[in-house]
Amino acid sequence: MEERHDYFSLPLMVRPGSLIAVGANRERPDYDYVDGARLHLFELEDGRETTARVYNPQGEQELEVCVQRQGEALTVSRVRGAAGKPWELVLRGISEVASVEGGTAAAGEQGVRIVPQAGSGEISITLA
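Below, the structure is looked at part by part. Worth saying up front: this structure is predicted, and the values here are computed from it rather than measured.

Scoring rules and cut-offs
Residues numbered from 1 in each chain as written. Predicted model: local features only at pLDDT ≥ 70, side-chain atom pairs only at ≥ 80, totals over all residues. Heavy atoms only, no water. Pairing = 2+ DSSP bridges. Helix = DSSP H or I, 4+ residues; strand = E, 2+ residues; numbered from the N terminus. Axes fitted to C-alpha atoms, helices over the stretch in contact; angles between N-to-C directions. 1 Å grid on protein atoms, 1.4 Å probe; cavity = no way out; pocket = protein on both sides within 12 Å on 5 of 7 lines; lining within 4 Å. Points joined across faces, edges and corners; volume = space filled by probe spheres on them. Nonpolar A, V, L, I, M, F, W, Y, C, P; charged D, E, K, R; others polar.

The next subject is the sheet that holds strand 3 (residues 49-55). Pairing within the open sheet is antiparallel, and its five strands lie in the order 3-4-5-10-7. Two strands lie at the open edges of the sheet, namely strand 3 and strand 7 (97-101), each paired on one side alone. Each neighbouring strand pair of the sheet contributes to a mean axis angle of 15°, computed without reference to strand direction. One ladder, built from seven bridges, connects strand 3 with strand 4 (residues 61-70); its direction is antiparallel. Within the sheet, the bridge partner assigned to valine 54 lies in strand 4 and is leucine 63.

Below is the structure:
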């Protein structure tokens with residue numbers, strides 16, 4: 001089987017437990033990476049933790065997010081930075097959640113999208 005891909009459609013192999021930041025701007029390489037960023041969480045195992053950091057073009061850290069899983073509970077903590085800039089968490093391969101505190105959930109094409117409430121330092125998610 002043969003497929004054709006451009007830079008934006010090239011398949012990406014991801015390890016379970018990865019938290020990968022994807023920027024919102026497809027027009028240029030140097031932009032505000034945090035503004036509109038989506039953090040994609042892939043198959044976090046029970047009892048595990050993963051962290052993503054997003055840096056600005058000058059190499060300074062602007063956002064840090066840590067996700068922990070205990071059973072059916074995900075805790076998004078150590079949310080630092082972003083300075084009021086919108087970002088979201090995408091739970092890849094998960095089509096619904098039972099509840100969210102500190103944010104809102106909406107079904108998306110790639111999984112449930114969690115949008116943090118303004119000023120929320122922690123988000124609690126219960127998986128369905």
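Overall, mixed pairing links the five strands, which are arranged 1-2-6-9-8 in an open sheet. Looking at which strands have only one partner, the edges of the open sheet turn out to be strand 1 (19-22) and strand 8 (103-107). Across the sheet, the mean angle separating the axes of adjacent strands is 25° when strand polarity is ignored. Direction of pairing for strand 6 (residues 87-92) relative to strand 9 (residues 111-116): antiparallel, over a ladder of four bridges. Among the inter-strand pairings, leucine 91 is bridged to a residue of strand 9, identified as valine 112.

Attention now goes to the layout of surface pockets. Its volume calculated, the largest pocket comes out at about 940 Å³. The wall of the largest pocket is formed by 25 residues, among which Tyr7, Phe8, Val22, Gly23 and Arg26 lie closest to the centre. Only strand 1 and strand 2 (37-42) provide two or more residues apiece to the lining of the largest pocket. By residue class, the composition of the lining of the largest pocket is 14 nonpolar, six polar and five charged. Space inside the second largest pocket adds up to approximately 220 Å³. Forming the walls of the second largest pocket are 13 residues, and the residues nearest its centre are Lys85, Trp87, Gln117, Ala118 and Gly119. Counting residues per element, the ones that place at least two in the lining of the second largest pocket are strand 5 (73-81) and strand 9.

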